[in-house]
Amino acid sequence: MKKVIFPHESQELICTAEYFGCSIYMFISAVKIDIGATIRSAGKVVIITGVVSVIIPMAFGLLLIRPQVAEFIQSGTQNEEMQVVLMNSFSTFSIIIHVLDELKLVNSELGLLALTASLVSDGISFSITTLVTVLQQKLSSVNSIIDMSATTGFMLFAGFVIRPVLFRVIRRTPQGSTVDSTVTYMLITMACLSAVYFHVFHQLQCIGAFAFGMTVPAGQPLGSALVKKFETFMYGILMTIGVVTSVMRADLRLILDNFGDLSLYMGIIILIFGAKLVACLIPSLYWKMPLVDSLLFAVIMTCRGNVELGYYLLARDTKMIGEDVFALLIFFMILNSTFVAVTVKCLYDPSKKYAGYQARNISHLKPKAELRILACVHQPENIACIIRLLDAFHPNKDRFISLYVLHLIQLVGRNIPFIVSHQKQKPVSDSRAHSVVISFSQYEQRNWDSLSVSMFTALSPSKSMNEDISLLALGNFTSLILLPLHRKWSIHGIITAEDNFIRTVNQKVLDKAPCSVGIFFDRGKLGRGTSVASSKTSHSICMIFLGGPDDRETLSLAKRIANDSSASVTVIRFIPEYVQLIDSEESLLDAWALEDIKQIVDKNEAKPNLVYREHTVKDGADTAFALRSLADDYDLFLVGRRFGVESPQTDGLSEWAEIPELGIIGDLLASKYLNTKAAVLVVQQQKKMK
């Protein structure tokens, strides 16, 4: 049957299609990833995991075949055992990105960690492969020097010449439009030529296509056009043919016939798999990643797939391994795919897609570190509110703010959802985006030495709009997401409208945001009566402190604002009149945070722009009365969300809450019965997914 479907005469054509499909697969896999976000996510856990995921399995494998290693060092010739060790020790970036793409985890923090770790391991693997190739050809060989120089020169040319040209093409493409088809066909042709180029210089041809794909900017409009145009053809035809014909060449009966001779190879494969799993698990646990996510991360890093299949086939065709070893490798690859699929299905929780394993909040920022903020704009009036709030933050060159503005437009009709970066493409005449771009560009020009602005427009359905917000915050490593409240006030402080669509988006973001979140509303008092051109308006700000992580996060923001002497910041702590003192971890953290504020107040007695006060309250009713008396004394209130937190200071107030997503204190300040025009920012600290 095999000979009827795939006769001997067709093998040469099929092999060509297989290698072509593998090259395009590597190219498309590289195009999908945002290299900038991947590199920025590189921390100790990622770099160490990427290194040990290759070195430790290889070390264990080489220890198991020590005589063969000594033979290789003396003669420079590899044998089957060496080939099996090398092929099973490497982690392949393109396979891992495909698995993460199938799970929709590419842009999650777990996905970024896995991608960056696999990118590091790919670099190690490429270096080892090159070193082994050079050792086989002898280090002094002129051909070896030529090969290394040619591949290095290609990568430099691609990174410093081709990539800038592609960015220029993107900037010349109107927003919302696709790039010219000629460009995509030229890129796919160049990817194939890159594979041929690497083959000529005695390197794996797939590496050439992969290296070229890394130079193509990910996302709209170029990267997405390539993926959309070629992915179906690649996966549906080329890779399907390649996988089927490659596996059909493996005669699994040889495993049983030569079981005794293959026992060493089985030991090598199992030992390397176990070593790789443990090597990826230990660093993530050491850096306090949750156990389930650590296991999921380690399992993903052990993936084997189409690229490994291509390596096995190439080794078989070049007689580096025998038919029985090839069959064994194919069998264990099938077992690995089954193991990974079952394990991921059991461990993966889609609700934790945006789980944060690193601190992305204001509390963990260094005193003079830049503050990265993602501000969301739904309606034109949100623009002025955000700008006035940023003025209250008082950015300067010592406390720089990187602002990412996301203009959210609800998708109507059958259009395709997309996100446009206004830094990559020329502006268009779309009035919805135009006003946002112009307003924040002017604001950036007025504050050029203290603030940078990057602007995006997202056109997406309401049910997935929160994902656009979380993904952009995750990719740009923001510490705070600013969301406008769904309730709108007139300049007289009267509620004029409520938008339940915005409220639903806010609730979803609060539930799964990868960083801290702030919900902001302005009744009209903040920044009124001052010059628009001035960003140094004196603001009167009050921070209400009851205790807990949200309040400590808000306190960190208040302390950062108070560093600018033109802002007057008052921290008021509400203390319950009757409470049993318990030295819990939370109370100790609260005391430490407040002690820091008291020390700053003591140091600045001559110029007191930061004031600390304590107010004793009996219960929730007393707290509400105290807030009413303070409501019109300040321009801006900063409060922690403290959702679901019961305390004596708020006892009985939760039953009357109209907007639970603001927390009890925030809900009181947003009440339509409160006679004030003060603005309010409600802060929720980054949630840690357990």
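Residues numbered from 1 in each chain as written. Predicted model: local features only at pLDDT ≥ 70, side-chain atom pairs only at ≥ 80, totals over all residues. Heavy atoms only, no water.

S.K.: What's the story with the overall build of the protein chain in this structure? I'm lost.
M.R.: On a plain count of helices and strands, the protein chain comes out with 25 helices and 13 strands. Looking at the protein chain as a whole, 53% of its 690 residues are labelled buried. Restricting to contacts in the protein chain with at least 6 residues of sequence separation, those with at least 24 account for 82%. When the accessible surface of the protein chain is split by element, carbon and sulfur atoms take 61% of a total near 31200 Å². (Helix = DSSP H or I, 4+ residues; strand = E, 2+ residues; numbered from the N terminus. Buried < 20%, exposed > 50% of the residue type's maximum accessible area, 1.4 Å probe, protein only. Contact = heavy atoms within 4.5 Å. Areas by Shrake-Rupley, 256 points an atom, 1.4 Å probe, with all protein chains shown as cover.)

S.K.: Help me understand the state of the cysteines in this model?
M.R.: Disulfides are covalent bonds that link the sulfur atoms of two cysteine residues. Within the structure shown, the criterion is met by zero disulfides. Cysteine Cys376 is unpaired, with the sulfur of Cys515 as its nearest cysteine sulfur at 9.7 Å. (Disulfide = S-S within 2.5 Å.)

S.K.: So what exactly am I meant to see when it comes to the pairing of strand β13 (residues 679–684) here?
M.R.: Side chains on a regular strand alternate between the two faces of the sheet. Burial analysis of β13 places six of its six residues in the buried class, which makes it a mostly covered element. Relative to β13, strand β8 (residues 516–521) is paired through five bridges, and the arrangement is antiparallel. Bridged to Phe521 within β13 is Val680. Judged from the five bridges that link them, strand β12 (residues 636–640) and β13 form a sheet pairing that is parallel. Paired with Leu636 across the bridge in β13 is Ala679. (Pairing = 2+ DSSP bridges.)

S.K.: Just to check I follow, could you spell out the nonpolar core for this structure?
M.R.: Soluble, globular proteins show a tendency: their nonpolar side chains are buried together. Core analysis: the largest hydrophobic core is formed by 63 residues, its most contacted members being Phe27, Leu187, Leu222, Phe297 and Val344. Top element by residues in this core is helix α2 (residues 11–32). It accounts for eight residues. Residue contacts for Phe297: discarding those within four places in its chain leaves Thr49, Leu110, Leu113, Ala114, Ala117, Cys280, Ser284 and Met289. Listed in part, the 48 residues of the second largest apolar core include Val377, Val436, Phe440 and Ile541. (Core = buried A, V, L, I, M, F, W, Y, C linked by side-chain atoms within 4.5 Å.)

S.K.: I would appreciate a short explanation of the side chain of Arg523 in the present structure.
M.R.: Tracing the backbone shows Arg523 in the loop between β8 and β9 (540–545). Buried charge Arg523 goes without a salt bridge, the closest partner of opposite sign being Asp632 at 8.3 Å. Of the polar contacts made by the side chain of Arg523, one reaches the backbone oxygen of Leu669; its length is 2.8 Å. Reaching out from Arg523, the side chain makes a polar contact with the backbone oxygen of Ser671 at a distance of 3.1 Å. (Lys, Arg positive; Asp, Glu negative; His and termini not counted. Salt bridge = Lys/Arg side-chain N within 4 Å of Asp/Glu carboxyl O. Polar contact = N/O pair within 3.5 Å; in protein donor to acceptor, adjacent residues only side chain to side chain.)

S.K.: Sorry, what's going on with the packing of helix α4 (residues 44–64) against helix α6 (residues 80–89) here?
M.R.: In helix packing, the relevant descriptors are the interaxial angle and the interaxial distance, both defined with respect to the helix axes. Two elements in contact, α4 and α6, have axes whose closest approach is 9 Å; the angle formed by their N-to-C orientations is 160°. Between α4 and α6, the angle is such that the two are roughly antiparallel. Of the two possible hands of crossing, α4 and α6 adopt the one that is right-handed. Facing Ser53, Val54, Pro57, Met58, Gly61 and Leu62 of α4, the residues of α6 in contact are Met82, Val85, Leu86 and Ser89. A class-by-class count of the residues in the contact of α4 with α6 yields seven nonpolar, three polar and no charged. (Axes fitted to C-alpha atoms, helices over the stretch in contact; angles between N-to-C directions. Parallel < 35°, antiparallel > 145°, perpendicular 65-115°, else oblique. Left-handed = near helix turned anticlockwise from the far one by under 90°. Nonpolar A, V, L, I, M, F, W, Y, C, P; charged D, E, K, R; others polar.)

S.K.: Would you mind showing me how to read the packing of aromatic side chains here?
M.R.: The geometry of an aromatic ring pair is captured by two quantities: the separation of the ring centres and the angle between the planes. Taken as a whole and assessed by the stated rule, the structure comprises eight aromatic pairs. Ring geometry for Phe27 versus Phe212: centroids 5.8 Å apart, planes at 20°, classification stacked. Residue Phe27 is located in helix α2, and its partner Phe212 is located in helix α11 (residues 205–213); the two are separated by 185 residues in the primary sequence. Cluster of aromatic residues (ring-pair linked, three or more members): Phe154, Tyr197, Phe198 and Phe201. Cation over ring: Arg316 sits above Phe326, and NZ or CZ is 5.5 Å from the ring centre. (Phe/Tyr/Trp six-rings, centres within 6.5 Å; stacked < 30°, edge-to-face > 60°. Lys NZ or Arg CZ within 6 Å of the ring centre and 35° of its normal.)

S.K.: I would appreciate a short explanation of unusual backbone geometry in the present structure.
M.R.: In most cases, non-glycine residues show a negative phi, while peptide bonds are predominantly trans. If you check the backbone angles, His394 has positive phi at about 55° while not being a glycine. Among the structural elements, His394 can be located in the loop between α18 (380–393) and β2 (401–410). With relative accessibility at 1%, the residue His394 sits in the buried group. Located in the positive-phi region is Phe477, a residue other than glycine, with phi close to 55°.

S.K.: How should I be thinking about the environment of Glu577 in this particular structure?
M.R.: Secondary-structure assignment places Glu577 in the loop between β10 (568–576) and α23 (585–603). Spatially, the C-alpha atom of Glu577 lies 5.1 Å from that of Lys618, the residues being 41 residues apart in sequence. In this structure Glu577 touches Thr616, Val617 and Lys618, once residues within four positions along its chain are discounted.

S.K.: Just checking my understanding: could you explain a nonpolar patch on the surface for this structure?
M.R.: Judged by side-chain polarity, Leu156, Phe157, Phe160, Val161 and Val165 come together as a nonpolar surface patch covering roughly 510 Å² of accessible area. Relative to the helices and strands, Val165 resides in helix α9 (residues 142–171). The exposure class assigned to Val165 is partly exposed, which follows from its relative accessible area of 48%. (Patch = residues over 30% accessible without salt bridge, like charges linked within 9 Å, V, L, I, M, F, W, Y side chains within 5 Å.)

S.K.: Mind showing me how you'd approach the pairing of strand β1 (residues 371–377) here?
M.R.: Counted residue by residue, β1 has seven buried out of seven residues, so it is predominantly covered. Side chains Leu371, Ile373, Ala375 and Val377 project from β1 onto one buried face, and the interleaved Arg372, Leu374 and Cys376 project onto a second face that is buried too. Sheet topology places β1 next to β2; seven bridges connect them, and they run parallel. In the strand pairing of β2, Arg372 is matched with Ser402. Considered for its hand, the β-α-β crossover made up of β1, α18 and β2 is right-handed. Sheet topology places β1 next to strand β5 (residues 480–484); three bridges connect them, and they run parallel. In the strand pairing of β5, Ile373 is matched with Leu480. (Right-handed = clockwise from strand over helix to strand, strands pointing away.)

S.K.: What should I look at first to understand the confidence of the model for the protein chain in this one?
M.R.: Close inspection of predicted coordinates is inappropriate for parts of the model with low pLDDT. Model confidence for the protein chain is summarised by a mean pLDDT of 80, while 82% of its residues fall at 70 or above. Within the protein chain, β5 carries the highest mean pLDDT (95), whereas helix α1 (residues 2–5) carries the lowest (57). Note on residues 529–535: pLDDT is under 50 here. Beyond four places in sequence and across chains, it has seven contacts. (pLDDT = per-residue confidence, 0-100.)

S.K.: Is there a simple way to think about α11 in this case?
M.R.: The periodicity of an α-helix, 3.6 residues per turn, causes residues three or four places apart in sequence to face the same way. Across the nine residues that make up α11, a large majority, eight, are buried. Among the residues of α11, those classed as buried are Cys206, Ile207, Gly208, Ala209, Phe210, Ala211, Phe212 and Gly213.

S.K.: Before we go on, may I ask you to explain the packing of helix α10 (residues 181–200) against α11 in this structure?
M.R.: Orientation of α10 relative to α11, taken along the N-to-C sense of each, is 140°, at an axis distance of 7 Å. Relative to α11, the element α10 is oriented oblique. Crossing of α10 against α11: the hand is right-handed. Contact residues: α10 offers Leu187, Met190, Ala191, Ser194, Ala195, Phe198 and His199, while α11 offers Gln205, Ile207, Gly208, Ala209 and Phe212. Among the residues making up the contact of α10 with α11, the classes are represented as eight nonpolar, four polar and no charged.

S.K.: I'm lost on α6 in this one. Help?
M.R.: Taking burial as the measure, the 10 residues of α6 include nine buried ones, the bulk of the element. If you check which residues of α6 are buried, you get Glu81, Met82, Gln83, Val84, Val85, Leu86, Met87, Asn88 and Ser89.

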